[in-house]
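# Coordinate analysis (summary)
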Amino acid sequence: MSSSNNTELHDLGVAGLAARLQARQVSAVEAARHFVQRARQQQALGAFLALDEDVALAQARAQDEALAAGRAGPLAGVPIAHKDVFVTRDFPSTAASRMLAGYRSPFDATIVANLAAAGCVSLGKLSCDEFAMGGSNENVAVPAVGLSEPQPVRNPWDTARVPGGSSGGSATAVAAGLVPGATASDTGGSIRQPASFCGTTGIKPTYGRASRYGMIAFASSLDQAGVVARSAEDCALLLSQLCGPDVLRDSTSLDMPPEDFSRQLDGRIEGLRIGVPREFFGEGLQDDVRTAVQAALREYEKLGAKLVDISLPRTDLAVPVYYILSPAEASSNLSRFDGVRYGHRAAQYTDLMDMYKKSRSEAFGEEVKRRIMIGTYVLSEGYYDAYYLQAQRLRRMIADDLQQAFTQCDVIAGPVAPSVAWTIGGKSDPLATYLADIYTLPASLAGLPAMSVPAGFGEGGMPVGLQLIGNHFGEARLLNLAHRLQQATDFHQRRPALA
Ligand code: GLN
């Protein structure tokens, strides 16, 4: 294959690349080399926390053999990278925390193993907010590949801006063409919001569809793995392989057979009812985002769908509810990092208590500590009923509101976030970033599948995403809607100019 063709490998996407690999027009080794080289050229973006050409090439050679022998999986030789909250045998797994710097897992997370079994080649690990806590990918405590200090990930559309978070490394790597697709995780919006900020397509499936085994836990009742790629078609291919039952190793895994999420991509959407929640278009939504989202909704009308005015009356409560429940779960999950069983241990200490204190004080970042403190507080005697239990009740009511809405519509659509990506350092008050999660949290609290689809550009030429929320197990329908929009528009095909 000539080098002039090689320069286009990063424009092919998962589907295009998989097809050429299967046809043996390009080898897995060529593809792996190409993307590793691009990742190295763009290391100033800070997307990769680990990148290992030897590992990638060894995996690629095995895929070339499988292809030659006619026993290759559907994604044989497609290069991907994993958000660093999924543990991997072949690369360190840090969750972007000093607590886990250099940690190597003895096993692969189930979703990592699933994608490897489908033939994907892993290039390395992608940056994120520490323990997936954040919405800007500025909470990074370990240095990215090629950088000497820990740094925020940069948005390839404007490197002075954040890529969103917590899966900012995944969205940046895909937007910059450093990988055709990446894994990501969503607890309260961490796939959809960075996908939106970087002009990529991202989906989180129904809670329980993707195994949490080997996913470094943040808030277990909300954490869900998913993918970021360039198109709905690419997301469908990856998600179909990533999901699947894992009931023996994840107690909340759904015992449902794997599904082909690509099956409905071209399906007709005439007559489909798209619910538009009025609470998602109120005060706080920036005009540029509103304009792009409304244009996308009109596009659906042209395609024959019907827009239905709906109400999600407790939308305002999603932020307080999530920021009580998720820290509560985090404070419990992160108690395992005590310097004994896992993680950093202080060099000097007087007794066991002192060792716990020093190890945790030294190795957790500010945002992680803030959440452990909030979580411990809301779970403590005397406050448990007032905060934690009350939040649990409201979580149920928010989920009920969504079920009520689904009696009037088939899917829900609206903005992903109130604004486009902001400047690095531009939101110094943590509350300001918490509030920006308002539109993604309801689907997370209800365990619903949801995605972000490129819908246009706003202030500063930055991408704007449209959020689509489905009822439980509605992934194929969401991907169908996203694909139809992507056939009618070209926002997902635009590329940032890279340095
Ligand atoms: N921004 C949200 C938070 O900070 C969501 C994070 C996530 O989904 N992992 O918790």
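Everything here concerns the structure above.
First, a word on what this report is: a plain description of the structure on this page. Being a predicted model, the structure only gives us computed values, none of them experimental.

### Some points on unusual backbone geometry
Residues Gly165 and Ser166 are joined by a peptide bond in cis, for which omega reads 5°. As for its position among the elements, Ser166 is in the loop between strand S3 (121-126) and helix H6 (168-175). Positive phi outside glycine occurs at Asn137, with the angle close to 60°. Mapped onto the fold, Asn137 is located in the loop between S3 and H6. Positive phi outside glycine occurs at Phe473, with the angle close to 70°.

### Structural notes on the nonpolar core
Soluble, globular proteins show a tendency: their nonpolar side chains are buried together. Ranked by size, the top nonpolar core spans 150 residues in total, and within it Phe48, Phe131, Tyr300, Leu466 and Leu468 carry the most contacts. No other element matches the nine residues that helix H10 (residues 318-333) contributes to this core. The contacts of Phe131, once residues within four sequence positions are left out, are Ala95, Ser97, Met99, Leu100, Ile216, Phe218, Leu334, Phe337, Phe364 and Val368.

### Comments concerning the environment of Val162
Among the structural elements, Val162 can be located in the loop between S3 and H6. Take Val162: its relative accessible area is 0%, and that puts it in the buried class. Along the backbone, Val162 and Asn137 are 25 residues apart, and their C-alpha atoms lie at a distance of 6.8 Å. Sequence-distant contacts of Val162, that is, excluding residues within four places in its chain, are made with Ser136, Glu138, Val153, Asn155, Phe197, Ala421, Trp422, Thr423 and Ile424.

### A word on the environment of Ala101
Here Ala101 lies in the loop between strand S2 (79-83) and helix H5 (110-117). Discounting residues that sit within four places of it in the chain, Ala101 has contacts with Thr94 and Val142.

### Notes on the environment of Ala39
Here Ala39 shows up in helix H3 (residues 28-41). Taking C-alpha positions, Ala39 is 26 Å from Met451, a pair spaced 412 residues apart along the chain. Residue contacts for Ala39: discarding those within four places in its chain leaves Phe48, Leu51 and Leu178.

### Observations concerning the pattern of salt bridges
Taken as a whole and assessed by the stated rule, the structure comprises 24 salt bridges. As a salt-bridge pair, Lys125 and Asp84 come within 2.9 Å of each other at their nearest N and O atoms. One end of the pair, Lys125, is in strand S3; the other, Asp84, is in the loop between S2 and H5, with 41 residues separating them in the sequence. Asp84 matches Lys125 in its accessibility class, with the two residues each being buried. We note a salt bridge from Asp186 to Arg192, for which the minimum N-O separation is 3.0 Å. Relative accessible area serves as the criterion here: at 0%, Arg192 is assigned to the buried category.

### Describing the site of the ligand
Contacts to the ligand come from 15 residues, most closely from Thr187, Gly188, Ser190, Tyr322 and Arg371. Ala132 is positioned such that a nitrogen or oxygen atom in its backbone is 2.8 Å from a nitrogen atom of the ligand. Here Ser166 contributes a side-chain N or O atom positioned 3.4 Å from a nitrogen atom of the ligand. Looking at the shell around the ligand residue by residue, the classes come out as five nonpolar, seven polar and three charged.

### With respect to the packing of H5 against helix H8 (residues 232-242)
Packed helix pairs are specified by the crossing angle of their axes together with the interaxial distance, meaning the distance between the axes. Closest axis-to-axis distance for the H5/H8 pair is 8 Å, and the angle between their directions is 115°. Of the two elements, H5 crosses H8, and the hand of that crossing is right-handed. Packed against H5, whose contacting residues are Ile111, Asn114 and Leu115, the element H8 presents Leu238, Gln241 and Leu242 at the interface. Residues of the contact of H5 with H8, tallied by class, amount to four nonpolar, two polar and no charged.

### Digging into the pairing of strand S4 (residues 181-186)
Buried residues dominate S4, accounting for six of its six residues. Residues Gly181, Thr183 and Ser185 point to one face of S4 and Ala182, Ala184 and Asp186 to the other, with burial holding for every one of them. Judged from the two bridges that link them, S2 and S4 form a sheet pairing that is parallel. For Ala81, the partnering residue across the bridge sits in S4 and is Ala182.

### A word on the side chain of Gln467
One can find Gln467 in strand S11 (residues 463-470). Judged by relative accessible area, Gln467 falls into the buried class, the value being 0%. Among the polar contacts listed, one links the side chain of Gln467 to the backbone oxygen of Tyr439, at a separation of 2.9 Å. Setting aside anything within four residues of it in sequence, one finds Gln467 in contact with Arg192, Phe280, Ile412, Ala413, Gly414, Pro415, Val416, Tyr439, Thr440, Ala450 and Met451.

The rules behind the values
- Residues numbered from 1 in each chain as written.
- Predicted model: local features only at pLDDT ≥ 70, side-chain atom pairs only at ≥ 80, totals over all residues.
- Heavy atoms only, no water.
- Helix = DSSP H or I, 4+ residues; strand = E, 2+ residues; numbered from the N terminus.
- Core = buried A, V, L, I, M, F, W, Y, C linked by side-chain atoms within 4.5 Å.
- Buried < 20%, exposed > 50% of the residue type's maximum accessible area, 1.4 Å probe, protein only.
- Contact = heavy atoms within 4.5 Å.
- Salt bridge = Lys/Arg side-chain N within 4 Å of Asp/Glu carboxyl O.
- Near = heavy atom within 4 Å.
- Polar contact = N/O pair within 3.5 Å; in protein donor to acceptor, adjacent residues only side chain to side chain.
- Nonpolar A, V, L, I, M, F, W, Y, C, P; charged D, E, K, R; others polar.
- Axes fitted to C-alpha atoms, helices over the stretch in contact; angles between N-to-C directions.
- Left-handed = near helix turned anticlockwise from the far one by under 90°.
- Pairing = 2+ DSSP bridges.

Any link to function would need more than the numbers given here.
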